[in-house]
2 protein chains.
Amino acid sequence: MIDALADERCCLTAQEIHDRVRLERPRVGIASVYRALETLVELGLVHRLELGSGGAHYEPAAATGDHHHHLVCGDCGRVEPFADDRLENAIDKVSANASFRIHGHDVVLRGACDACAG
Amino acid sequence: MIDALADERCCLTAQEIHDRVRLERPRVGIASVYRALETLVELGLVHRLELGSGGAHYEPAAATGDHHHHLVCGDCGRVEPFADDRLENAIDKVSANASFRIHGHDVVLRGACDACAG
DNA sequence: GTACTTGCAAATACTTTGCAGGTAT
DNA sequence: ATACCTGCAAAGTATTTGCAAGTAC
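Residues numbered from 1 in each chain as written. Chains lettered and ligands numbered in written order. Predicted model: local features only at pLDDT ≥ 70, side-chain atom pairs only at ≥ 80, totals over all residues. Heavy atoms only, no water.

### Quick notes on the confidence of the model for chain A
Per-residue confidence for chain A averages 89 on the pLDDT scale, and 95% of its residues sit at or above 70. The least confident element of chain A, judged by mean pLDDT, is helix α1 (residues 2-6) of chain A at 69; the most confident is helix α4 (residues 85-97) of chain A at 96. (pLDDT = per-residue confidence, 0-100. Helix = DSSP H or I, 4+ residues; strand = E, 2+ residues; numbered from the N terminus.)

Put into structure tokens, the structure is as follows:
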């Protein structure tokens, strides 16, 4: 059952994941989704993102080495991924010099998507 | 009453703000704190941060022009601010090229603080 | 049988809303 | 009086937990 979740794509809320899983297995409860996500997050296979829109989002931590961050539309809630090497380098430098032992990072750019900004 | 909140410092949860306000005015309810915070966020005087630890954090959007991001300890929940020009430059570059019209951004570095990392 | 998993329902945590009473104009 | 602000209690949403039944070894 845990495997079923790993198939899902970028940036879904727990509710969205639940809905998708139920297409195949209607009896699965939301609690099982949360339990599976918790396990996957602990294993480092899934990242949990707080995008400030009520519910947390989850996405597979790409085994492919893909690493990206997110653009969030404050109007319609749309989320798009982006990646940038310069940004990653800057973050790595900061992480190396930080007083904390850094394990990971999140970057969220907030604004209006092309549809909402016109 | 709104002014009372603006005096508070960096990165408090609504609960913490409520507790502090109550020291001075014990009858203030948590709802009023949320209402005031909502107003302040809309006015751009306060930033709301989702640090992934259950509750949102709020901090004054410095009139001093101060701009910083946060280190979060995944163990004890401690939050520390940091600032880095190279990082800001990288974000500005990305924002300029993004398909969204970007209004703001958040960066969170996650790890273990000196006390927890040993 | 023992141990682990799972769905349901209840509980919890955080935030928002309705409403009645108070204050200001 | 009218319009606005506020505290309390209730509602709403997101997430977690307890527990009994189901499955695997």
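### With respect to the interface of chain A and chain B
Opposite the 35 residues of chain A that make contact, chain B presents 35 residues. A salt bridge links Asp 106 of chain A to Arg 110 of chain B; its shortest N-O distance comes to 2.9 Å. At the junction of chain A with chain B, the criterion picks out 10 residue pairs in polar contact (both at pLDDT 80 or more). The set of elements that each furnish at least two residues to the side of chain A that touches chain B consists of β4 (69-73), β5 (79-82), α4, β6 (101-112) and α5 (114-117) of chain A. With 12 residues, β6 of chain A is the largest single contributor of residues to the side of chain A that touches chain B. When grouped by side-chain class, the residues that make up the side of chain A that touches chain B number 17 nonpolar, 8 polar and 10 charged. In this sheet, strand β6 (residues 101-112) of chain B lies alongside β6 of chain A in antiparallel orientation, the contact comprising 11 bridges. Its bridge partner being in β6 of chain B, Leu 109 of chain A is matched across the sheet by His 105 of chain B. (Contact = heavy atoms within 4.5 Å. Salt bridge = Lys/Arg side-chain N within 4 Å of Asp/Glu carboxyl O. Polar contact = N/O pair within 3.5 Å; in protein donor to acceptor, adjacent residues only side chain to side chain. Nonpolar A, V, L, I, M, F, W, Y, C, P; charged D, E, K, R; others polar. Pairing = 2+ DSSP bridges.)

### Here's the deal with the nonpolar core
The biggest cluster of nonpolar side chains holds 24 residues, and the ones touching the most others in it are Leu 87 and Leu 109 of chain A together with Leu 87 and Leu 109 of chain B. Breaking this core down by element, the ones donating at least two residues are β4, α4 and β6 of chain A together with β4 (69-73), α4 (85-97) and β6 of chain B. If we skip the residues at most four places from it in the chain, Leu 87 of chain A touches His 69, Phe 82 and Val 107 of chain A together with Leu 87, Ala 90 and Ile 91 of chain B. (Core = buried A, V, L, I, M, F, W, Y, C linked by side-chain atoms within 4.5 Å. Buried < 20%, exposed > 50% of the residue type's maximum accessible area, 1.4 Å probe, protein only.)

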